[in-house]
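Spelled out, the chains give:
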Amino acid sequence: MTSLYNRAALASILFVGATAEESCPCPADKTPRIGGVSHGNVADKFWDPVYAAADRAAMDSSVDLDFARYDESSTLTGQGGQEITDFMVDTIEKMCTGDNTVDGMFSTINDVAVLTALKANCLANGIPTVIINAGGNLAQESGSFLHFIGADDYNTGKDSGEKLLAACPTCQHFYCLDHCGGCTSWTDRCRGFEDAVGDAYGQTIQIDDSSEDAYIASVESVIIGTNGTWGDDVGLLLGTHQSMILFAEALHNKHKKVKLAGVDTSPGLFQVLGDDEWLWGTSQQPYLQGYYPVQMLANTIRMGGQSLQTFNLETGPTFVTEAPEGQAL
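Source: prediction; values computed, not measured. (Residues numbered from 1 in each chain as written. Predicted model: local features only at pLDDT ≥ 70, side-chain atom pairs only at ≥ 80, totals over all residues. Heavy atoms only, no water.)

K.L.:
Which residues make up helix α7 (residues 184-197), and what are the values?
P.N.:
Here α7 spans 20 Å end to end across 14 residues, near enough to the 20 Å set by a 1.5 Å rise per residue. Along its buried surface, α7 packs onto α5 (136-142), α6 (153-167), β6 (173-178), β7 (201-206), β8 (234-239) and β9 (258-263). Downstream of α7 by one or two residues, Gly-198 has phi in the positive range, about 65°. (Helix = DSSP H or I, 4+ residues; strand = E, 2+ residues; numbered from the N terminus. Expected span 1.5 Å × (residues − 1). Contact = heavy atoms within 4.5 Å.)

Here it is as structure tokens:
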């Protein structure tokens, strides 16, 4: 009992005798302001849980959030297209320069122009910055970014290739369908896919997604144009936006000897999973890609710049073969 009293007395003495300099720093009175931007426009439903999660994290972390989203286009071309890249660069400049800068920033990197803008405006002004979803390799190579939160695109392609190779032993050729015109994510995914399937790799097909007929023609021109015929079973890796699902279904109706594997998930994919031609989609847990950057930036700001030393915080990929309850992404 004496020992307990002595400890209490000692704690009291240490508390009373502590100077202001020796005390733990208290959070600033100012509510942290966190900014964000992505290449996911409102037409792309993949991004809905990302934005919902960021809003939830802002509430849980007691921060002000300004997470910009492009809403003036319905196109899904090229990871958003040039107009979205321009929007992102402009948003980054506004958030990270001037008299009302954010205290922390997060962004996707869908284009080198976005990387340049983040470095010149956010990092140059000492604003802690996190990358989500796309551009992890570029961010790591450039240094100074806190974290990448997402699924490594090369590994997503490689894992998908290995799984598709095992799932379709009768497939003579495998193709990676790039719907975004050589953007960083699909370039890395197709590279990993090619490394996995080896000599059976046909090529990366730059598809035309302007219409169903254009989509089918862009695929046929490569596969039939190269082989002279559609031939035996063919394995395709493709994106899972709603239009991609509909176009791929139309392709399968014309060419029954095709096996389809998706990258990412969507409500459209969940409706077709279980059909013979559809094998799976991959999940990179987009909800976590919205929640974690806000939470981690809030902690970094309040702790005077301290952060985890791990750069890659991987949220996937995992393989999804059936719709989860409630079709949660």
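From this point, the narrative continues.
K.L.:
Residues and numbers for unusual backbone geometry, please.
P.N.:
With omega at 10°, the peptide bond leading from Gly-316 into Pro-317 counts as cis. Here Pro-317 lies in the loop between β11 (312-316) and β12 (318-320). Even without glycine at this site, Asn-133 takes up a positive phi of about 70°. Mapped onto the fold, Asn-133 is located in the loop between β4 (129-132) and α5. Among the residues examined, Asn-133 registers a relative accessible area of 5% and is labelled buried. Backbone geometry at Asp-264 places phi at a positive 80°, although glycine is not the residue there. Counting through the fold element by element, Asp-264 comes out in the loop between β9 and α10 (267-272). (Buried < 20%, exposed > 50% of the residue type's maximum accessible area, 1.4 Å probe, protein only.)

K.L.:
I'd love a proper account of empty space enclosed by the protein, names of residues and values included.
P.N.:
Scanning the entire structure with this criterion turns up 1 cavity of 30 Å³ or more. Estimated volume of the largest cavity: approximately 30 Å³. Put simply, the parts of the chain that give the lining of the largest cavity at least two residues each are α6 and β10 (278-283). The class makeup of the residues in the lining of the largest cavity is 3 nonpolar, 4 polar and 3 charged. (1 Å grid on protein atoms, 1.4 Å probe; cavity = no way out; pocket = protein on both sides within 12 Å on 5 of 7 lines; lining within 4 Å. Points joined across faces, edges and corners; volume = space filled by probe spheres on them. Nonpolar A, V, L, I, M, F, W, Y, C, P; charged D, E, K, R; others polar.)

K.L.:
Explain the packing of aromatic side chains residue by residue, including any values.
P.N.:
The final tally for this structure, using the stated rule, is 9 aromatic pairs. Pairing Phe-174 with Phe-193 gives two aromatic rings, centres 6.5 Å apart and planes at 75°, and the pair type is edge-to-face. With Phe-174 in strand β6 and Phe-193 in helix α7, this pair connects stretches of sequence that are 19 residues apart. Looking at Phe-193, the relative accessible area reads 0%, which means it is buried. Ring geometry for Phe-193 against Tyr-201: centres 6.0 Å apart, planes inclined by 75°, an arrangement best described as edge-to-face. Taken as a pair, Phe-193 and Tyr-201 share a single burial class, namely buried. (Phe/Tyr/Trp six-rings, centres within 6.5 Å; stacked < 30°, edge-to-face > 60°.)

K.L.:
Report on the sheet that holds β7, specifying residues and quantitative values.
P.N.:
Overall, mixed pairing links the 6 strands, which are arranged β7-β6-β8-β9-β10-β12 in an open sheet. The outermost strands of the open sheet, each flanked by one partner alone, are β7 and β12. Mean inter-strand twist for the sheet, computed between neighbouring axes without regard to direction, equals 25°. Two elements, β6 and β7, share 4 bridges in a ladder whose sense is parallel. Looking at the pairing, Leu-177 lines up with Ile-205 of β7. (Pairing = 2+ DSSP bridges. Axes fitted to C-alpha atoms, helices over the stretch in contact; angles between N-to-C directions.)

K.L.:
An account of the sheet that holds β11 is needed here, citing residue identities and associated values.
P.N.:
Pairing is parallel in the open sheet, where 6 strands are placed in the order β2-β1-β3-β4-β5-β11. Only two strands of the sheet have a single partner each, and these edge strands are β2 (64-68) and β11. Ignoring strand direction, the axes of neighbouring strands in this sheet form an average angle of 15°. Pairing between strand β3 (residues 104-107) and β4: 3 bridges, direction parallel. Following the sheet pairing, Phe-106 is matched in β4 by Val-130.

K.L.:
Lay out the environment of Leu-118 in plain terms, naming residues and giving numbers.
P.N.:
Residue position: Leu-118 is located in helix α4 (residues 112-122). For Leu-118, a relative accessible area of 0% corresponds to the buried category. Spatially, the C-alpha atom of Leu-118 lies 8.1 Å from that of Val-89, the residues being 29 residues apart in sequence. Apart from residues no more than four positions distant in its own chain, Leu-118 is found in contact with Ile-92, Met-105, Ser-107, Ile-109, Leu-123, Thr-129, Ile-131 and Phe-145.

K.L.:
Mind laying out the confidence of the model for the protein chain, listing which residues take part and the relevant values?
P.N.:
Note that predicted coordinates carrying low pLDDT should not be read in detail. Averaged over all residues, the pLDDT of the protein chain equals 85, while 87% of them reach at least 70. Mean pLDDT in the protein chain bottoms out at helix α1 (residues 2-17), which sits at 40, and peaks at β3, which reaches 98. Considering only residues more than four positions removed or in separate chains, one finds that residues 1-24, a stretch of pLDDT under 50, has 1 contact. (pLDDT = per-residue confidence, 0-100.)

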